[in-house]
Amino acid sequence: MVRSRHPWRWVAAIAVLVVVAQFINGLVTNPGWDWPAFAQYFTAPAVLSALWLTIQLTVYGTVLGFALGIALAAARLSKNPVLQTVSWTYVWAFRSIPLIVQLLFWFNIAYLYQSLSIGIPFGPTFFTFDVNSAISGMAAAVIGLGLHQAAYSAEIIRAGILSVDQGQLEAAAALGIPKRRQFFKIVLPQAMRGILPNAANEVISLFKGTSIVSTMAIAELFYQVQVIYGRNGRVVPLLMVATVWYIVLTTLLSIVQYYVERHYAKGAVRTMPLTPWQKLQRRLSTINAARQEATYGGLR
Amino acid sequence: MSTASAITTGRKSFEQRVPEPGAPQQQADEQYAVEVRGVQKSFGALHVLRGVDLTVRRGEVTAILGPSGSGKSTLLRTLNHLEKVDAGLILVEGDPVGYRLKGTRLHELRERDILRQRAKVGFVFQNFNLFPHLTVLENVTEAPVSAQKRNRKDVETEALELLDRVGVTDKVHAYPRQLSGGQQQRVAIARALALRPAVILFDEPTSALDPELVGEVLEAIQQLAKDGRTLIIVTHEVGFAREVADTVVFMDAGLIVEQGPPSAVLDNPQHERTKAFLSKVL
C-alpha cells in the first residue's frame, strides 16, 4: 500500500515556520524592543496600581452592565407594553451613542445638572448633592461603561432566554413551580449555555475597552503607560508592558470562561469531555505506566 | 343498553347550550374527579373545541381517541389551565379550574393561585419535557419542594419510592439525556406522581418513543390504573385503550362523537366517524 503524498503541505508549513522564526529572531535581536526597560516597568508600582484600576473598572462595569442587562431583558420579554417599549428604547439609544461620546457626557454632567436631589417626584426633597463632587471621574467612567454595557448584555441575555425550549416553561408551569423560581431555576441555567460565550466576549472587550477612559485622564493602565513614555520616551517597551498585561488578564478570563461554561454544560451532553488538565494527567499516567512496563519487563 | 346511552351523552354535548363561565348552574358532584361542561376554545379563526362535556369518576381511566386536529390534546391542556377556555367550565375535585366562585360569579384566579391549583393535576407530556440540567431525582423533587413547600428529606424519600415503582432505580443521579426515551418518560410519570395529584393527564405519552420502548411506558401507566388512580390518556394506542380504559372517548372536529366502555366504542361503534377512524388505525 502506497500512501498518498502531500508535498505542498510541507512547502506551506516550512514557509510559515520561516516567517515565525524571523519574527522571534526580531523580538530577541532588535534593540528597539528594549526588553530591559520592559522588565523594569512591567511590575513598577505605578503600572500595578494602574492595572488594579483597570480591573476595578472592568468589574464594576460588568456588574452594573449585566445587572441592568437582566432587568432590561426581563422588561423586554414581559407582557407589559410600557416596560417593553422602555427596554427597546434604552437599547436603541445606548447602542446608537459611541461609548466615548457617552463617557464625555457623564464626565461633563455638571454642565447640565449642578446638584442632585433625592425626594418625592414633583414634591419635597430630602437630600441634595453637589454633582461635581458626587460624580468623580471614576464614577463617570463606571456609569458610562456600565450603561453602555447594559444595552449589549440585555440583548445577549434575551437571546439566551429565547433559546430555551418552550416545553421547559410549559412543564414548569404544569408542575405549578412559582414564577420567579421558574426563571431562576429552570430557564436561566439553561439560557446560560447560550449566554456565556457572548458574555465572556463582552467582558473581555469591556476590559480592553477601559483604555478609552484614558481620554478622561483616569489613571488606568493605558493612561499610565502613556504618561510614563511621555516622560522617558521609551514608547515601544511601555506599550509592550500594557499589551502583555492585557494578554495575561484576557488569558485568565478565557480560562475562567472555560470552566464556567463546563459548569453550565451539566446534563446537556451525555459525557463531559476531559479538561486540558485532565488530558495532560491522563497522558502522563499512560507514559508512566508504559515506562514501568518497560523497566519491569526488562528485568523479567 | 350502555352503547345507546353513551351515544346520547355524546349527542347531548353537541346540542346542549353552552353555559357562560360567569354562571355555573349546579353544584359539583362529589364522586367526579373531573367535570367538563360546555367547553369551547378557538385559536384565532380555528374553532378547536366546540362545546365539550365530559365527566370522569374518581379512580376511573379514560382514554381519548381521535384523528389529529380533533381537539383532544387541547381538551387535555384546558384541564390544568395550560390553555384558557373561551366558554364553559371545568371542575377538578369540585373546584373550578382557573377561577374562583364568589357568590354566583366566577373570578379569574391570579397566576400564583393557578400555579398552586395545577399541583392537583399531574401532566405527562409527549416529549417528556424533563429538565435537562437537573438530575433525575432533582426533576422529581423540584415541584413538591418549591411549589408545595414540603420537606425536602421527606420528598426525596418519596421520590425514590416513586422512581422505584416506575423502574428507574439505578439512575437517580444521572441526567435525563443519559437515559433512554422510555426511562425518561417513566421519570416524567414519577415527577407527576410526586405532587400527589387527584388526576393525571397523559398527552400521547408514547408517541415520541421508539417502538421497542413503548411497552415499558404503557406498563407503568397500567400499574397506575391498577392502583386505582384517576387517569385521562390521550393516545393512539387503541389496543392499550381497550385493555386499560374504563371509558373510551372518541373525538372529532372539536366534539365528543361517542363515549362508553371500550367494548362498546371500539368493538361496536355506532357513529360513522368512529367507524372510519377505527378502520384506519386497527
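**Details of the overall build of chain B**
Now for step 1: Along its length, chain B carries 10 helices and 12 strands.
Now for step 2: Residues counted as buried form 49% of the 282 residues belonging to chain B.
Now for step 3: Once local pairs closer than 6 in sequence are excluded, the contacts in chain B between residues at least 24 apart make up 67%.

**Description of unusual backbone geometry**
Negative phi values dominate among residues other than glycine, just as trans dominates among peptide bonds.
Now for step 1: Look at Ala217 of chain A: it is not a glycine, yet its phi comes out positive at around 60°.
Now for step 2: Note that Ala217 of chain A resides in the loop between helix 9 (179-209) and helix 10 (221-232).
Now for step 3: The class for Ala217 of chain A is exposed, based on 10 C-beta atoms found within 10 Å.
Now for step 4: You will see that Ala253 of chain B, though not glycine, has its phi angle at about 50°, which is positive.
Now for step 5: Mapped onto the secondary structure, Ala253 of chain B falls in the loop between strand 11 (247-252) and strand 12 (255-260).
Now for step 6: Residue classification places Ala253 of chain B among the partly exposed residues on the basis of 15 C-beta atoms within 10 Å.

**Here we look at the interface of chain A and chain B**
Buried accessible area, meaning the area lost when the parts come together, often serves as the stated size of an interface.
Now for step 1: Taken together, the contact pairs 19 residues of chain A with 23 residues of chain B.
Now for step 2: Elements represented by at least two residues in the side of chain A that touches chain B include exactly helix 8 (166-174) and helix 9 of chain A.
Now for step 3: The leading source of residues in the side of chain A that touches chain B is helix 8 of chain A, at six residues.
Now for step 4: In terms of residue class, the side of chain A that touches chain B is made up of nine nonpolar, five polar and five charged.

**Thoughts on the sheet that holds strand 1 (residues 32-43) of chain B**
Residue and element names in this part refer to chain B.
Now for step 1: Here we have four strands laid out as an open sheet, ordered 2-1-4-5, and antiparallel in their pairing. Looking at the sheet topology across the chains shown, the edges are occupied by strand 2 (46-57) and strand 5 (95-96).
Now for step 2: In terms of strand pairing, strand 4 (residues 87-92) meets strand 5 through two bridges, oriented antiparallel. In the strand pairing of strand 5, Leu91 is matched with Pro96.

**Here we look at the sheet that holds strand 12 of chain B**
Residues and elements named next belong to chain B.
Now for step 1: The strand order 8-9-10-3-11-12 describes an open sheet built from six strands, whose pairing is mixed. Of all the strands in the sheet, just strand 8 (121-124) and strand 12 have a single pairing partner and so form its edges. Ignoring strand direction, the axes of neighbouring strands in this sheet form an average angle of 20°.
Now for step 2: Here strand 8 pairs with strand 9 (residues 199-203) via four bridges, running parallel. Along strand 9, the bridge assignment pairs Phe123 with Leu201.

**Things to note about the packing of helix 2 (residues 35-42) of chain A against helix 11 (residues 235-264) of chain A**
Between two packed helices, what matters for the description is the angle formed by their axes and the separation of those axes.
All names here are of chain A.
Now for step 1: With their axes 8 Å apart at the nearest point, helix 2 and helix 11 run at an angle of 50° to one another. The angle between helix 2 and helix 11 falls in the class oblique. For the pair helix 2 and helix 11, the sense of crossing is right-handed. Facing helix 2, whose interface residues are Ala37, Phe38, Tyr41 and Phe42, helix 11 presents Pro237, Leu238, Met240, Val241 and Val244.
Now for step 2: Counted by class, the contact of helix 2 with helix 11 contains nine nonpolar, no polar and no charged residues.

**What to know about the pairing of strand 9 of chain B**
Residue and element names in this part refer to chain B.
Now for step 1: Within strand 9, five of the five residues are buried, which leaves it mostly tucked inside the rest of the structure.
Now for step 2: Side chains of strand 9 alternate between two faces, with Val199, Leu201 and Asp203 and Ile200 and Phe202 buried alike.
Now for step 3: As defined by bridge partners, strand 9 adjoins strand 10 (residues 231-234) across four bridges and the pair is classed as parallel. Looking at the pairing, Leu201 lines up with Ile232 of strand 10.
Now for step 4: Read as a crossover between parallel neighbours, the route from strand 9 over helix 7 (residues 211-226) to strand 10 is right-handed.

**So, the pairing of strand 7 (residues 105-108) of chain B**
Residue and element names in this part refer to chain B.
Now for step 1: Bridging between strand 6 (residues 99-102) and strand 7 involves four bridges; their strand directions are antiparallel. Its bridge partner being in strand 7, Leu101 is matched across the sheet by Leu106.
Now for step 2: Connecting strand 6 to the antiparallel partner strand 7 that follows it, the hairpin turn spans two residues, and Gly103 within it adopts a positive phi of roughly 65°.

**A closer look at the environment of Thr58 of chain A**
Residue and element names in this part refer to chain A.
Now for step 1: With respect to the helices and strands, the residue Thr58 is situated in helix 3 (residues 45-77).
Now for step 2: For the pair Thr58 and Asn201, spaced 143 residues apart in the sequence, the C-alpha separation amounts to 13 Å.
Now for step 3: Leaving out residues up to four positions away in the same chain, Thr58 has contacts with Leu206, Phe207 and Thr210.

**Digging into the packing of helix 4 (residues 136-146) of chain B against helix 5 (residues 152-165) of chain B**
Residue and element names in this part refer to chain B.
Now for step 1: Remark: helix 4 packs on helix 5, axes separated minimally by 9 Å, with the N-to-C direction vectors making an angle of 130°. The orientation of helix 4 with respect to helix 5, classified from their angle, is oblique. Between helix 4 and helix 5 lies a crossing whose hand is right-handed. Packed against helix 4, whose contacting residues are Val136, Leu137, Val140, Thr141, Pro144 and Val145, the element helix 5 presents Arg152, Val155, Glu156, Ala159, Leu162 and Leu163 at the interface.

**Here's the deal with the confidence of the model for chain A**
Now for step 1: Per-chain confidence: chain A averages 89 in pLDDT, with 98% of residues scoring 70 or above.
Now for step 2: When pLDDT is averaged over each element of chain A, helix 4 (residues 81-96) of chain A comes out on top at 96 and helix 6 (residues 131-134) of chain A at the bottom at 68.

Each value, and the rule that gives it
Residues numbered from 1 in each chain as written. Chains lettered and ligands numbered in written order. Predicted model: local features only at pLDDT ≥ 70, side-chain atom pairs only at ≥ 80, totals over all residues. Helix = DSSP H or I, 4+ residues; strand = E, 2+ residues; numbered from the N terminus. Buried ≥ 20, exposed ≤ 12 C-beta atoms within 10 Å, placed from the backbone. Contact = placed C-beta atoms within 7 Å. Nonpolar A, V, L, I, M, F, W, Y, C, P; charged D, E, K, R; others polar. Pairing = 2+ DSSP bridges. Axes fitted to C-alpha atoms, helices over the stretch in contact; angles between N-to-C directions. Parallel < 35°, antiparallel > 145°, perpendicular 65-115°, else oblique. Left-handed = near helix turned anticlockwise from the far one by under 90°. Right-handed = clockwise from strand over helix to strand, strands pointing away. pLDDT = per-residue confidence, 0-100.

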